[in-house]
Amino acid sequence: PALASLERARQIFAAKAAAEPANRTARRDLAVALGRMGDAHLRGTGRYAEALRHYRAAHGMFDALAREVPDHAELQRSRTYARVTIGQIHVRLG
């Protein structure tokens, strides 16, 4: 049920971000949803490939947002968290 709820949230945020590409909040919400989906796959199911896919997508979005607003500490932290988690998954996968 958790993954289904997260997927539905991702769809809603993706539609909002697509409809309003200049809306940073919508894009941040989508990136957060992707990161949480990565968390659910990593911690809930152990599906590392799926987790990695979601974290990479989240990182890409946080990276773009952090470049747009370089003094936004939360975006910088979120980008770093996604990047570190990607590295941790690579370590686990060997």
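Residues numbered from 1 in each chain as written. Predicted model: local features only at pLDDT ≥ 70, side-chain atom pairs only at ≥ 80, totals over all residues. Heavy atoms only, no water.

Undergrad: Summarise the confidence of the model for the chain; cite the residues concerned and give the values.
TA: Scored by pLDDT, the chain has a mean of 95; 100% of the residues are at 70 or more. The least confident element of the chain is helix 2 (residues 24–45), whose mean pLDDT is 94; the most confident is helix 3 (residues 48–68), at 97. (pLDDT = per-residue confidence, 0-100. Helix = DSSP H or I, 4+ residues; strand = E, 2+ residues; numbered from the N terminus.)

Undergrad: So, the packing of helix 2 against helix 4 (residues 73–93): which residues are in play, and what are the values?
TA: One can describe the packing of helix 2 onto helix 4 by two numbers: an axis separation of 12 Å at closest approach and a directional angle of 25°. Classified by the angle their axes make, helix 2 and helix 4 are roughly parallel. For the element pair helix 2 and helix 4, the recorded crossing hand is left-handed. Counting all contacts with helix 2, which are made through Arg28, Asp39, Leu42 and Arg43, the residues of helix 4 involved are Glu74, Leu75, Tyr81, Thr85, Ile89 and Arg92. Broken down by class, the residue content of the contact of helix 2 with helix 4 amounts to four nonpolar, one polar and five charged. (Axes fitted to C-alpha atoms, helices over the stretch in contact; angles between N-to-C directions. Parallel < 35°, antiparallel > 145°, perpendicular 65-115°, else oblique. Left-handed = near helix turned anticlockwise from the far one by under 90°. Contact = heavy atoms within 4.5 Å. Nonpolar A, V, L, I, M, F, W, Y, C, P; charged D, E, K, R; others polar.)

Undergrad: Lay out the side chain of His54 with the relevant residues and their values.
TA: Mapped onto the elements of the fold, His54 is located in helix 3. Judged by its relative accessible area of 4%, His54 is buried. A distance of 2.8 Å separates the side chain of His54 from the backbone oxygen of Glu50, its partner in a polar contact. Setting aside anything within four residues of it in sequence, one finds His54 in contact with Leu34, Met37, Gly38 and His41. (Buried < 20%, exposed > 50% of the residue type's maximum accessible area, 1.4 Å probe, protein only. Polar contact = N/O pair within 3.5 Å; in protein donor to acceptor, adjacent residues only side chain to side chain.)

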